[in-house]
Amino acid sequence: MRVTARAHPNIALVKYWGKRDSELNLPAVGSISITLGDLWTDMRLDTDAGADALTVNGEQRDDLMPRIARCLDVVLGEDRKPVSIVSESNFPVAAGLASSASAFAAAVVAAAAVSGREHGKDELANLAGRASGSAARSLYDGFVELENAGDRVAVRSIRDTDSWPLSVVVAITSVAPKSVGSGEAMEISRRTSPFYARWVDEQEDDLARARDAIAERDFMKLADTAEHNCLKMHSVMWSSRPPMVYWNAATLDCMRVVRELRAGGVSVFFTIDAGPQVKAVCMPEEVDRVREALGKVEGVENIMTSGLGAGAHLIE
Ligand code: DP6
């Protein structure tokens, strides 16, 4: 049997950083994200295989197989048949661009299709979240909120893609793989950052403000909340032992440019994950100005643009 699922990466505006249960991979805090429509990962699963095998963008990647295999075991059972997986993305993997979110969301949707059993979307989100917390959000379209709900997560779309069609301009400042993966890094933060407890305590306030801003389509309120939440997460990373600094000089320059644009009346704000790329969220009519300004920053290697998009789904 052969199926292909497509999932889009998502970018958190109120971030997930920290786990309350590392065994079940349950996040310590809720989060709010936007699902991107123009970036994608397609994952083809073929159960007619002699052994597990994984190809990512044309390269055999045995190193990434164990994590995907564990994810498939959770959906299909440990006595599952071997599968061959072919994954293709139209953006660089492992560079702080949420490639794991789209990969695991697509893997879970494809695995569920070959399982022969009906899965609800809530179940798929929880299965994806076991593999990678942020992947649970890529099951849903538009603006997505993830809440803790006892021993599972509750994920839902809080606004669709069309009623507030924001755009994201991603400034790629380095495609080198990150030094510490986010799962390991957030555990280091939980154990060592003096700011971690405060970060967790304040998250509800940031979520409430972002939820209101999205409901009211209040761009400046969302901008203020998302930048504050992002900088707070990075303060937790910086104050961890060892410290985790994912930025480079171009990251900082892009942040300054985004703030200058906003001071000049352009509706744009930045957010940055566990990597050096700057994601500038803006109104669609501002995309050209934002692209042009970020394109002039020394050290920006490439720029990608995306609108909002759909949750993970089967394509064949
Ligand atoms: C900074 O979802 O990659 O992007 O659950 O350990 O796989 P694991 O972590 P992951 O962490 C994402 C962290 C973030 C913020 C976010 O997307 O909310």
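Given the structure is predicted, the values throughout are model-derived calculations rather than measurements.

This part is about the pairing of strand β5 (residues 31–35). With five of five residues buried, β5 lies mostly within the body of the structure. Across four bridges, strand β2 (residues 10–14) lies against β5 in antiparallel orientation. Bridging across to β5, asparagine 10 finds its partner in threonine 35. Bridge analysis of β5 against strand β10 (residues 143–149) gives four bridges, and the strand direction is antiparallel.

The subject of this paragraph is the sheet that holds strand β14 (residues 278–282). As summarised here, the arrangement of the four strands in space is β13-β14-β12-β15, forming an open sheet in which the pairing is antiparallel. Edge positions in the sheet fall to β13 (268–271) and β15 (302–307), since each of these pairs with one other strand and no more. Here the strands of the sheet are splayed against their neighbours by 25 degrees on average, with no regard to which way each runs. In this structure, strand β12 (residues 167–172) lies alongside β14, joined through five bridges in antiparallel fashion. Its bridge partner being in β14, valine 169 is matched across the sheet by alanine 280.

Attention now moves to the site of the ligand. In the neighbourhood of the ligand, 18 residues make up the surrounding shell, with Tyr16, Lys19, Ser132, Gly133 and Ser134 lying closest. The side chain of tyrosine 16 places a nitrogen or oxygen atom 2.6 Å from an oxygen atom of the ligand. One of the side-chain nitrogen or oxygen atoms of serine 132 is found 2.7 Å away from an oxygen atom of the ligand. Calculation on the ligand without its partners gives an accessible area of 460 Å², and the protein chains cover 92% of this total. Considering every element that reaches the shell around the ligand, the biggest residue donor is helix α4 (residues 182–192), with three residues.

Definitions and limits used
- Residues numbered from 1 in each chain as written.
- Predicted model: local features only at pLDDT ≥ 70, side-chain atom pairs only at ≥ 80, totals over all residues.
- Heavy atoms only, no water.
- Buried < 20%, exposed > 50% of the residue type's maximum accessible area, 1.4 Å probe, protein only.
- Helix = DSSP H or I, 4+ residues; strand = E, 2+ residues; numbered from the N terminus.
- Pairing = 2+ DSSP bridges.
- Axes fitted to C-alpha atoms, helices over the stretch in contact; angles between N-to-C directions.
- Near = heavy atom within 4 Å.
- Polar contact = N/O pair within 3.5 Å; in protein donor to acceptor, adjacent residues only side chain to side chain.
- Areas by Shrake-Rupley, 256 points an atom, 1.4 Å probe, with all protein chains shown as cover.

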